[in-house]
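Architecture at a glance
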There are 2 protein chains.
Amino acid sequence: MERKGILIVVSGYSGVGKGTLMKALTARYDTYALSISATTREPREGEQDGREYFFRTKDEFEELIAKDRLIEYASYCGNYYGTPKDYVEEQLKQGRDVILEIEQQGALKVKAKMPDVLMLFVMPPDAETLVQRLRGRETESEDVIRERLTQAVEESKYVDRYDYMIVNEDLDRAVEELHHLIESQHNRISRNLDFAKQIQQELMDLT
Amino acid sequence: MERKGILIVVSGYSGVGKGTLMKALTARYDTYALSISATTREPREGEQDGREYFFRTKDEFEELIAKDRLIEYASYCGNYYGTPKDYVEEQLKQGRDVILEIEQQGALKVKAKMPDVLMLFVMPPDAETLVQRLRGRETESEDVIRERLTQAVEESKYVDRYDYMIVNEDLDRAVEELHHLIESQHNRISRNLDFAKQIQQELMDLT
């Protein structure tokens, strides 16, 4: 059986630890690829083209839009951000499960365009833990924290658009749960109709 | 978070090793309960009421039907066979995942009545393996084997009504896959809407 990659969208409230979780998951298992976004913003010090982002000019980015080479895109603070199809499709073809770690609006756009996508939402064990994690960053003022919580309340209204949730209480356990969850999606009948057909044909040949 | 049990239907071609797989799964993990069928047929030597079957008189069985206390039932060779609701509901309430190992027609009846049921289909790695396993039983004549294969072809037409498949090539691996698959179903958003609501409320209280 040939293994086809699954496209996965991961969202979750700010501070829930999505980034850490994805890093731990992709470090532990080589069946994953993290999608790399394209952007028109300037590279920051230490950022490399093709690692943090694909850095593109405005003209290049608008050509990607015009040629329908982006799964989704948005403009934010005067710059474009988007998910290039080419990288994702290439990784899927190689059998890797490709993770798009994107915020909710982008996530819902992807879902609308590609209904087969696996939609995951990372949950904190409780809201207090989320606040403590945001405070723990120390870079965020109380105002910013309040803003993020307000945004979380907004996002909480769309949680039912996702397929599965992962509670990020213990990182190691969350990584394992996430991995088993994604692996089991490869067993979906709808992703194995060719195999089912093949067995059917073999059975027919035997009778 | 309170854990609610999941109702699981397991089907698969005759000879695929469902019974062995279920026995190995329930022996390894205590989160499962195998549903016990009710029947009006006579107990065979060594069979115990409440272990192999719930043995009932025809009148008792028809009372179960009349009172809608069966998830599904059928009559076969002049006897009734059915799945009593009480046992299943009690196990689910206790947080156990309840497995109904039933043939396809019964499985599709359960699905129609309880759309939330998790539908699993056990597949052989290939048809030849299935035939070898049927021959390996030695109790079955070539005629019976041919009959079972014909029945398998018939059943293969409805495989797409199931949610997931498990390929039973290596028993130990199939048990682990099955367990992870079922465990991950507890992460379905639709099974955790109360938890999602609770986090939402906590977030609202904090803003």
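Note that the structure is a prediction, hence the values are computed from the model and not measured.

1. Description of the packing of aromatic side chains
Scanning the model with the defined rule gives 18 aromatic pairs over all chains in all. Pairing Tyr73(A) with Tyr80(A) gives two aromatic rings, centres 6.2 Å apart and planes at 75°, and the pair type is edge-to-face. You can call Tyr73(A) partly exposed: its relative accessible area is 33%. On the numbers, 6.2 Å between centres and 70° between planes, the contact of Tyr76(B) with Tyr81(B) is edge-to-face. Tyr81(B) gets classed as partly exposed once you look at its relative accessible area, which sits at 21%. Following the ring pairs from residue to residue traces out a cluster consisting of Tyr53(A), Phe55(A), Tyr76(A) and Tyr81(A).

2. Some thoughts on the nonpolar core
Ranked by size, the top nonpolar core spans 106 residues in total, and within it Met123(A) and Met123(B) carry the most contacts. What Met123(A) contacts, discounting residues up to four positions off in sequence, is Tyr13(A), Val16(A), Val159(A), Met165(A), Ile166(A), Val167(A), Asn168(A), Phe195(B), Ala196(B) and Ile199(B). Phe54(A), Phe61(A), Leu70(A) and Tyr80(A) belong to the second-largest nonpolar core, a separate cluster that totals 7 residues.

3. Structural notes on the relation of the copies chain B and chain A
Overlay of chain B on chain A (RMSD 0.1 Å): rotation 180°, translation along the axis 0.0 Å. Look at the turn and shift together and you get a two-fold axis relating the two. Considering only C-alpha atoms, the part of chain B nearest the rotation axis is His180(B), at 3.0 Å. Interface overlap between copies: 100% of the residues of chain B at the interface are likewise at the interface in chain A, consistent with a symmetric, same-surface contact.

4. Some words on the interface of chain B and chain A
Contact residues are listed per partner, giving 44 residues for chain B and 44 residues for chain A. Summing the contributions of chain B and of chain A, the shared interface buries around 3,700 Å²; its carbon and sulfur component is 71%. When the buried area of chain B at its contact with chain A is split by residue, Met165(B), Ile189(B) and Leu203(B) rank highest and sum to 18% of it. Applying the counting criterion to the chain B and chain A interface returns 15 residue pairs in polar contact (both at pLDDT 80 or more). Taken together, the elements giving at least two residues each to the side of chain B that touches chain A come down to α5 (127–136), α6 (142–156), β9 (164–167), α7 (171–185) and α8 (193–206) of chain B.

5. Quick look at the confidence of the model for chain A
Per-residue confidence for chain A gives a mean pLDDT of 93, with 100% of residues at or over 70. For this predicted complex, the interface score ipTM comes out at 0.89, while the overall pTM is 0.90.

6. So, the side chain of Asn187(B)
With respect to the secondary-structure elements, Asn187(B) resides in the loop between α7 and α8. Within the local environment of Asn187(B), its side chain forms a polar contact with the side chain of Glu177(A), the two groups lying 2.8 Å apart.

7. A short note on the environment of Leu193(A)
As for its placement among the helices and strands, Leu193(A) is situated in helix α8 (residues 193–206). According to the relative accessible area criterion, Leu193(A) is partly exposed, its value standing at 39%.

8. What about the packing of helix α6 (residues 142–156) of chain A against α8(B)?
Their axes nearest at 9 Å, the elements α6(A) and α8(B) cross at an angle of 150°. Relative to α8(B), α6(A) is oriented roughly antiparallel. For the element pair α6(A) and α8(B), the recorded crossing hand is left-handed. For the pair formed by α6(A) and α8(B), the contact residues are Leu149(A), Ala152(A), Val153(A) and Ser156(A) on the first element and Gln200(B), Leu203(B), Met204(B) and Leu206(B) on the second. Taken together, the residues of the contact of α6(A) with α8(B) break down into 6 nonpolar, 2 polar and no charged.

9. Some words on α8(A)
Along an α-helix, a turn takes 3.6 residues, which lines up residues three or four apart on a common side. All names here are of chain A. Its 14 residues place the ends of α8 20 Å apart at the C-alpha level, agreeing with the 20 Å of an ideal helix rising 1.5 Å per residue. Residues of α8 that are buried: Phe195, Ala196, Ile199, Gln200 and Leu203. Angularly, the buried residues of α8 cover 140° about the axis, an arc narrow enough to put them on a single face. Of the residues in α8, the exposed ones pointing more than 90 degrees away from the buried face are Asp194, Lys197 and Asp205.

Thresholds applied
- Residues numbered from 1 in each chain as written.
- Chains lettered and ligands numbered in written order.
- Predicted model: local features only at pLDDT ≥ 70, side-chain atom pairs only at ≥ 80, totals over all residues.
- Heavy atoms only, no water.
- Phe/Tyr/Trp six-rings, centres within 6.5 Å; stacked < 30°, edge-to-face > 60°.
- Buried < 20%, exposed > 50% of the residue type's maximum accessible area, 1.4 Å probe, protein only.
- Core = buried A, V, L, I, M, F, W, Y, C linked by side-chain atoms within 4.5 Å.
- Contact = heavy atoms within 4.5 Å.
- Least-squares fit on C-alpha atoms with pLDDT ≥ 70 in both.
- Buried area = accessible area lost by both parts, 1.4 Å probe.
- Polar contact = N/O pair within 3.5 Å; in protein donor to acceptor, adjacent residues only side chain to side chain.
- Helix = DSSP H or I, 4+ residues; strand = E, 2+ residues; numbered from the N terminus.
- pLDDT = per-residue confidence, 0-100.
- Axes fitted to C-alpha atoms, helices over the stretch in contact; angles between N-to-C directions.
- Parallel < 35°, antiparallel > 145°, perpendicular 65-115°, else oblique.
- Left-handed = near helix turned anticlockwise from the far one by under 90°.
- Nonpolar A, V, L, I, M, F, W, Y, C, P; charged D, E, K, R; others polar.
- Expected span 1.5 Å × (residues − 1).
- Arc of directions from axis to C-beta.

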